[in-house]
Structures are given as C-alpha cells and as structure tokens.
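Chains, contacts and geometry: an overview
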Amino acid sequence: MSKKHSKEQKAEPTLDFNSKLKYAAAPESASIANIKKQYDLYINGAWVKPAKGQYFETHSPANEQLLSKVAMAGAEDVDKAVKAARTAYEKVWSKMPAKERAKYIFRIARIIQERARELAVVESLDGGKPIRESRDIDIPLAANHFFYYAGWADKLEYAFPGRKPEPLGVAGQIIPWNFPLLMAAWKIAPALATGNTVVLKPAETTPLTALKLAEIIHDAGLPPGVVNIVTGAGATGAALVNHPDIDKVAFTGSTEVGKIIQKALAGTGKKLTLELGGKAANIIFEDAAIDQAVEGVVNGIFFNQGHVCCAGSRLFVQESVANKVIRKLKDRMESLVVGDPLDKNTDVGAINSAEQLKKIQEYLKIGVNEGAEMFQPSCSIPSKGYFCKPTLFLHTSQSHRIVQEEIFGPVLAIQTFRTVEEVIEKANNTPFGLSAGVWTDKGSRIFTLTTQMKAGVVWANTYNKFDPVSPFGGYKESGFGREGGLHGLLPYLKLA
Amino acid sequence: MAVKSKTPATEPKIVSNGNGSAKATEPRIAVWKTYKIYIGGAFPRTESGRYYPITLSNGNVVNVCLSSRKDFRNAMTVAREAAHKWASKSALIRGQILYRMAEMLETRGAQFREELQWMGMTEAQARTEVEQAVDRLIYYAGWADKYQQVFSSVNPVASSHFNFSALEPTGVVAVVAPEESPLLGLVSVIAPVLAGGNSCVVLASESRALSAVTLAEVLSTSDLPGGVVNMLTGNLKELLPHIGGHMDLNAFYLHTSDAAHIKTAGELAALNVKRLITESQTNWSSPDAQSPYRILDFCETKTTWHPIGI
C-alpha cells in the first residue's frame, strides 16, 4: 500500500463513484418534525418552567440552525422532579397491579410506532444522524424496547428463580447524545416494568426526542410523576446523581464521567449501572468472507458517524489479506455518501456538535503526528455544519493514542497480525471491554475468539447489531450492569 | 520461633497440631506450626518480615504475618496468571476440586476445631463452624456446573441471528473475609468466587487468622492450581488503600460494617470501575449465606451474535 494509492484509485474509472454516480437529493421532509419554539421541564405530569428561568439553545449540527430553546433544570427543579417521582412511586406506581403497569408501557411502545416518522426526523435534525438510521434503527428499536419490557412487568418472579424481586424506588437516569431516544427507552422501559419511577436527564445537545417522549408518556396517560424529564447540562446531571432521595443511578456516557459518578456514589448505598466507553477490536482472519467483512467494518466504525460506544474502532487484519482488505475498504469508503442527515441517500451524517468535531479533528492531527498514515475518501463535505470525512489510519501500533483512546468519531485505526494468540493479546490489551468483532469462516476459531475476548458483546461475522432481548454492557472500564433482555431487569430490582 | 508459650518449654504442656488431641503419657516437646501466608501455591513469610501477635485461649501467642502492600501486589500478579488457568478448566473439574476441598477440610476437622477453640469458640461452636464450612463447599461444588444454565439465555432477536448470553468470570477478585467467623465466613465468601471461575487474593480475619492459614494448607492439597487462592494475614486499614486502588483488580468483596471503609473502597473502586460488593451480615448459618446469586456477583454476562443463513 503506497501513499499514492488514493491517486491511483482515481485513475481507475470503476472506482470513481463521485463523478459517474450522482445521487439526486432525496430529502425527508422536515415539516413533520413539529418542534416547538420552547420546551419546559416535564415534572409530575405537567410542563413546568425552570425555577431560574434559564433556557439553552439546541441546534441542528448539519446546518447550525436553531431548532428550539430548552429549559435548563437547576438543583431546585431536579429536587422537584425527584419528589414527584418519590410520591408517584409510593402512592401509585408500586401499588398498581403489575399487569396494569404493563399496559401503560405497551401504550408508550404503540404511540412511538404511530409517531415514528416524526421522531426519526427530529432525531436526525437534532443529532445529525442519517435519517436512514434513525428511521430504520433508532426509532423502531426504541418502540420495541418498550414493547419488550412491558411484557416483563407481571412476570418478574420467573426471571429470578428462588427470589422475590422488588423495585428499588426512584431511578435517576442520564443518557448520551449518540442515540437520544433509544437510550431513553433503554433506561425508562426496564425501570418502569420493574415498578420504579424515573427522573431522566437527556444530553444537552440532543434533548428534543426525549421531550417528544414526554409528550408520548403524557398522552399514554401515565400517572403524574412516574416519568419526569429534566433537560440540562453537566450540573443538572450532577444534581440528579447527588440527590439524596435517589435509590438508583443509571448512566450511559464516557468512562471519565462514569468514574466521577461511581466515586460520588461511594458509601451512599445507591445502586449503580454504568455503560461507558469502548475501543472495540474488529478482527479479520484470512479465511473470512472479505467483502462481508469489509461491509461489517464500515458498519462497525462509520455507523452513526462513529458516535457509538461499541464502535469497531480498532481493525486487526491478518497479514496475508491485509492489502486486499485495505484496498477494498478504501474503495468502499469512496462510495460512502457524507452529508445532509435528512437525505435518504446519506450514509454518514453530521458530527453531533462543534465540540465533538474539534475533538475528532485533534485526534486526526495526533494520528498523523504519531506517524500513522491517514486516508480519507475524495468526497466533498457540506461547507456549513459539522462534518468529518470517514477516516482510516494505517501503520498504527498499540502505543498510538488513536489506538488506545476512544475518539467517538468516524476514525478507524488499522493494525495487522499473524497468529490467533497475537491478536487475542492485542485486542484485549485495553482498559475497555465493551464489544468485539471477529470475521472468520472457521467455527472453532469463532468460539476461541468469542470466548477469549474480554468484552460484553461479541459479534461474529456481523457487527453493530442491537435488539431489545439482547443484553448489552461492558467488562472492565466499559462499565457494569446490563441493559436489554432478562439481564436488564436486575439493575432495577432488589432480590428479596 | 513461631509460637511463644508463657510456660517453660520443658513443661509437659501438650499442644497438638493437626491430628486431633494427642495424649501425653510422657513429657514430650510439642512441635508448633509457623502460620505463614499463601501466595502462588507456596507458603512464604511476609516479605516485610513484620508480624502481629494473636494470643490464644490456651495462653500461647502466635506470631502471624503482618502482610504488606508488596505481599498484596505479589499475590495480585500470581492471581492474574492463575485466573486464566482456573477459568479455562471445565465446570466439571472446578466442581470436583471444590468437592476435594470439602474432603480435605472434613478429614482435618479436628485440627480446625481445636484452632477455633484456641481463638475463643466453644467446642459446640467450633464443631458447627467446621461442619457447615464443609457443607458450604459441597453446596458450591454442586453449583459449579449449574449456575451457567440457570443464568444464561438464548435471546430471540428479531433479525436473522443466533444470539446467546452466557456468564464468564469477572477475573481477579480481592476478598476481605469476615472478621468474626474465621472459617465458615471465609469459606462462604471464597467458594462462590471460585465456583464462578475467578482467582482471588484474600485478606483473612485479622484477629482469628489461624483458620485461614490452615485452610490454605487444605487448598494446597486439593488440586487447586497455585495462585487461584492467595491468603494474606494482616491489617485491613493498612491494606485497604492498596487493595481498593489496585488497577489490575476486577472486583472487590469487602466484609465490613465500617461506613468509612465502605466509602473509601467505593471511591477507590472508581479508579478502574471495579465491581464492589460490600456486606456486613454475620449470620453465616442463615439460608441467605449461600446462594447462586453470590456466584453471579463475580460474573460478567457476555452476549454473542452470529448470523443465521447459508
């Protein structure tokens, strides 16, 4: 692989996707979005103004336009929400027959399905992800998550043999900006099914679908205070985590913040689940179906602009097929459509925020300065908004920062290996342990790899698949506790 | 000199070790045991050369190793090496080794009963402590190849994939054993760690350390690979920062009722997102003292996906 490769590539007409294949724009209409000019806090079944009267702006990362103003919850507002949740827990939700509780959660699932297109458009507008993903993945999975956990509400005693499961009380939940509605569903659905009430804080840059979810929960007729949505930034989250009347904290986000939360909760007796960062290895053996593997690698790192905690951000290719895989990968990257998140042709949308774009660009510089060889496709990117070309780095080593640290962007670091032992050692040599991928045609090797990977989710001959019934969560510094499936109930229960 | 007597050494005071109570028809000088620590399958003294005395009910004084930070770190190194060895043994073999531990403990029952009485138990209490400890090992020996089936699942995902979740050991676990129950309490907290396929570094009861050292002798003759259990004697307050702050430790079981210790351990656990389990109950005869959910505390759920197709 020479550095001139991309120029040679342009000389080959078959690989020139940009001039020969022009996609006509196919934008999804934004008119369905129905975003209000301003959103208040959803506390105790009503929309209430923040005590300090502060609001923050949320923008579209694709064109930097103002979408709405959203209430900034302070400690007083968080306290009000926790009190509402406590009252709802004690007076209503914990006393309600489980089968009735279930029906409310089923209602939420159904209304999400009814308003699916609207939610998909808002998700793409507010967060920058391609409409293809929000429409086909985020929103259906969110609805299915509520549907799945609704059914558990009156069957909990079958999940934990020999034990009587009991709810914890009030759950404080903090979610990230990469899958805003889906993460809200992952948090709220199991908490409600197990009989807890909820105060949820969405991410600062992507509050809108959680607020739409508040509308849905309201329309579903849930008793006031069972779900409360408090929008804000880090200080709002800290107020929630440190509130003395919270029984449970569930956090999805960076390992850095997760450690701060774990430390803050030390000695408080609050139950905690953490779903944190990752630096997953995606491993291709020489006998793999190479085209499928390349597609899986692309999906593994460029899905949702790489804003995925389980993104396959480290690629390990067996030396004998490295040149072939890298050539095919570069070719595939040339065909990726980067641009307007609302365009149905778009593969890679907008980076979520200016801050995140800056962080990614810093890592690109670090990668080049560390001596790795950078490749980006020849596509153009919009002049407005926050965009980053899909990027790969060749000639990286274990000590490179782009190999060790979570970038949370469309940046892939490639290494080669010779033996099974070598790649297991390299793949596990990270403080993270969220996910891993392995591509090989040999069954026994799949099981060697999947059992040796120190990671909570392992995809063999596939990558980045999610399902409500499938437990998700990490080993080591990627967190603890599971979300999804039967296992996802346990973090919200005490077993008497 | 491991055991100091207040009485002259020539007096026919019999202290039996190991084979029940010997009867002296003639004056005989008893052979006393040095209570050492257990690291990597060997019985070294603490590298620090330090000791602390435990006065026994018979008036003897035992000098027990006051383990250091370095002892703990050495134990962590061998525990990490042993973790993979133990985890890769079949569930059947892990169960049989736990059962072998019960056999060894049963056959050395007299020695444990005697030591427990030296440390203040009545004969009846000591008998119950030993019998229940044996039974507890057998309980977890039986779980070793069953908890996986109880807690694993095949997950019916909507896409065309085969998807299952199974348990794996968390890795290396530090265990601060109960202070009051030096044998039953200790066995009750390490057996689930071992059944789950983890290796461990144990800090024994400080004031009643003898049973832990003798249990290490049981472990060393039970086909348990060296390094899977490492037994230290020492002071919790001194070692807590080094245990809690160790960056290669995956999980930490801490038996204490001291709120300050729990807070410190929690804060240190956050350094590398350790799983911290604290417990303060002291009734090791209660039904809650044994449970497969105690194994689950030291397991990670791994979910594996594979496409279904041609």
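From a predicted model like this one, the values you see are computed outputs, not experimental measurements.

A few words now on the overall build of chain B. If you tally the helices and strands in chain B, you get 10 helices and 11 strands. For 310 residues, the compact-globule formula gives about 19 Å, and the C-alpha radius of gyration of chain B, at 21 Å, lands near that figure. If one aligns the C-alpha atoms of chain B with their principal axes, the spans along those axes are about 85 × 35 × 30 Å. Scored against the burial criterion, the 310 residues of chain B give a buried share of 55%.

Taken together, the contact pairs 40 residues of chain A with 38 residues of chain B. Taken together, both faces of the contact between chain A and chain B bury some 3000 Å²; the carbon and sulfur share is 57%. When residues of chain A are sorted by the area they lose upon contact with chain B, A:Gln262, A:Tyr475 and A:His487 head the list and together hold 17% of the total. Counting across the chain A and chain B interface gives 23 residue pairs in polar contact (both at pLDDT 80 or more). When contributions to the side of chain A that touches chain B are tallied by element, the ones reaching two or more residues are helix H10 (255–265), helix H16 (443–452), strand S18 (457–460) and strand S19 (479–480) of chain A. The element that contributes the greatest number of residues to the side of chain A that touches chain B is H16(A), accounting for five residues. One ladder, built from three bridges, connects S18(A) with strand S11 (residues 299–307) of chain B; its direction is parallel. Note on S11(B): the bridge partner recorded for A:Trp459 is B:Trp305.

Let's shift gears to the pattern of salt bridges. Following the criterion strictly, the structure yields 39 salt bridges over all chains and no others. A:Lys129 is the salt-bridge partner of A:Asp138, the closest N and O atoms lying 2.5 Å from each other. Residue A:Lys129 is classed as buried on the basis of its relative accessible area, which comes to 2%. The partner of A:Arg482 in a salt bridge is B:Glu300, with the nearest N and O atoms 3.7 Å apart. Taken together, the residues A:Arg482 in the loop between S19 and strand S20 (493–495) and B:Glu300 in strand S11 connect one chain to another. Neither A:Arg482 nor B:Glu300 differs from the other in exposure class; each is buried. The structure contains a network of salt bridges with shared partners spanning A:Lys36, A:Arg115, A:Glu118, A:Lys212, A:Glu215 and A:Asp219.

Empty space among the atoms becomes apparent when a probe as large as a water molecule is rolled across them. All names here are of chain A. In total, this model carries seven cavities of 30 Å³ or more according to the counting rule given. Of the pockets and cavities examined, the largest cavity occupies roughly 80 Å³. For the largest cavity, the lining is made up of 15 residues, of which Arg314, Ala427, Ser435, Lys454 and Ala455 are closest to its centre. Those elements that place two or more of their residues in the lining of the largest cavity are helix H15 (420–428) and strand S17 (435–439). Taken together, the residues of the lining of the largest cavity break down into eight nonpolar, four polar and three charged.

Moving on, we come to the packing of aromatic side chains. All names here are of chain A. As enumerated under the stated definition, the model contains 19 aromatic pairs over all chains in all. Relative to Phe147, the ring of Phe106 has its centre 5.0 Å away and its plane inclined at 70°; by these criteria the two rings are edge-to-face. With a gap of 41 residues between them, Phe106 in helix H4 (residues 98–114) and Phe147 in helix H6 (residues 131–152) connect regions that are remote in the sequence. Look at Phe147 and you get partly exposed, because its relative accessible area is 40%. Lying over the aromatic face of Trp47, Lys36 brings its terminal NZ or CZ to 5.2 Å of the ring centre.

With that out of the way, let us pick up the environment of A:Ala250. Residue and element names in this part refer to chain A. By the element assignment, Ala250 lies in strand S10 (residues 248–252). C-alpha separation for the pair Ala250 and Glu157, spaced 93 residues apart in sequence, amounts to 23 Å. Leaving out residues up to four positions away in the same chain, Ala250 has contacts with Gly172, Gln173, Ile174, Lys187, Thr273 and Tyr492.

Attention now goes to the pairing of strand S6 (residues 172–176) of chain B. It is a general feature of regular strands that their side chains alternate between the two faces of the sheet. Residue and element names in this part refer to chain B. Of all five residues that make up S6, five are buried, and the element is covered over most of its length. Going residue by residue along S6, you find Val172, Ala174 and Val176 tucked away on one face and Val173 and Val175 tucked away on the opposite face as well. Examined bridge by bridge, S6 and strand S7 (residues 199–203) share five bridges and lie parallel to one another. Bridge pairing in S7 places Val173 opposite Cys200.

Residue and element names in this part refer to chain B. Pairing is parallel across the open sheet formed by five strands, whose spatial order is S8-S7-S6-S9-S10. Here the strands that pair on one side only, and so sit at the sheet edges, are strand S8 (229–232) and strand S10 (275–279). Shown here is a sheet whose adjacent strand axes are inclined to one another by a mean of 15°, direction ignored. Pairing of S6 with strand S9 (residues 251–255), which is carried by four bridges, proceeds in the parallel orientation. Across the sheet, Val176 pairs through a bridge with Leu254, a residue of S9. Lying over the sheet, helix H1 (residues 69–87) contacts S6, S7 and S8, oriented at roughly 155° with respect to S7. Sheet strands in contact with helix H6 (residues 184–195) are S6, S7, S8 and S9, and its direction is about 165° off that of S7.

Rules behind the numbers
- Residues numbered from 1 in each chain as written.
- Chains lettered and ligands numbered in written order.
- Predicted model: local features only at pLDDT ≥ 70, side-chain atom pairs only at ≥ 80, totals over all residues.
- Heavy atoms only, no water.
- Helix = DSSP H or I, 4+ residues; strand = E, 2+ residues; numbered from the N terminus.
- Rg over C-alpha atoms; globule rule 2.2 N^0.38 Å.
- Buried < 20%, exposed > 50% of the residue type's maximum accessible area, 1.4 Å probe, protein only.
- Contact = heavy atoms within 4.5 Å.
- Buried area = accessible area lost by both parts, 1.4 Å probe.
- Polar contact = N/O pair within 3.5 Å; in protein donor to acceptor, adjacent residues only side chain to side chain.
- Pairing = 2+ DSSP bridges.
- Salt bridge = Lys/Arg side-chain N within 4 Å of Asp/Glu carboxyl O.
- 1 Å grid on protein atoms, 1.4 Å probe; cavity = no way out; pocket = protein on both sides within 12 Å on 5 of 7 lines; lining within 4 Å.
- Points joined across faces, edges and corners; volume = space filled by probe spheres on them.
- Nonpolar A, V, L, I, M, F, W, Y, C, P; charged D, E, K, R; others polar.
- Phe/Tyr/Trp six-rings, centres within 6.5 Å; stacked < 30°, edge-to-face > 60°.
- Lys NZ or Arg CZ within 6 Å of the ring centre and 35° of its normal.
- Axes fitted to C-alpha atoms, helices over the stretch in contact; angles between N-to-C directions.

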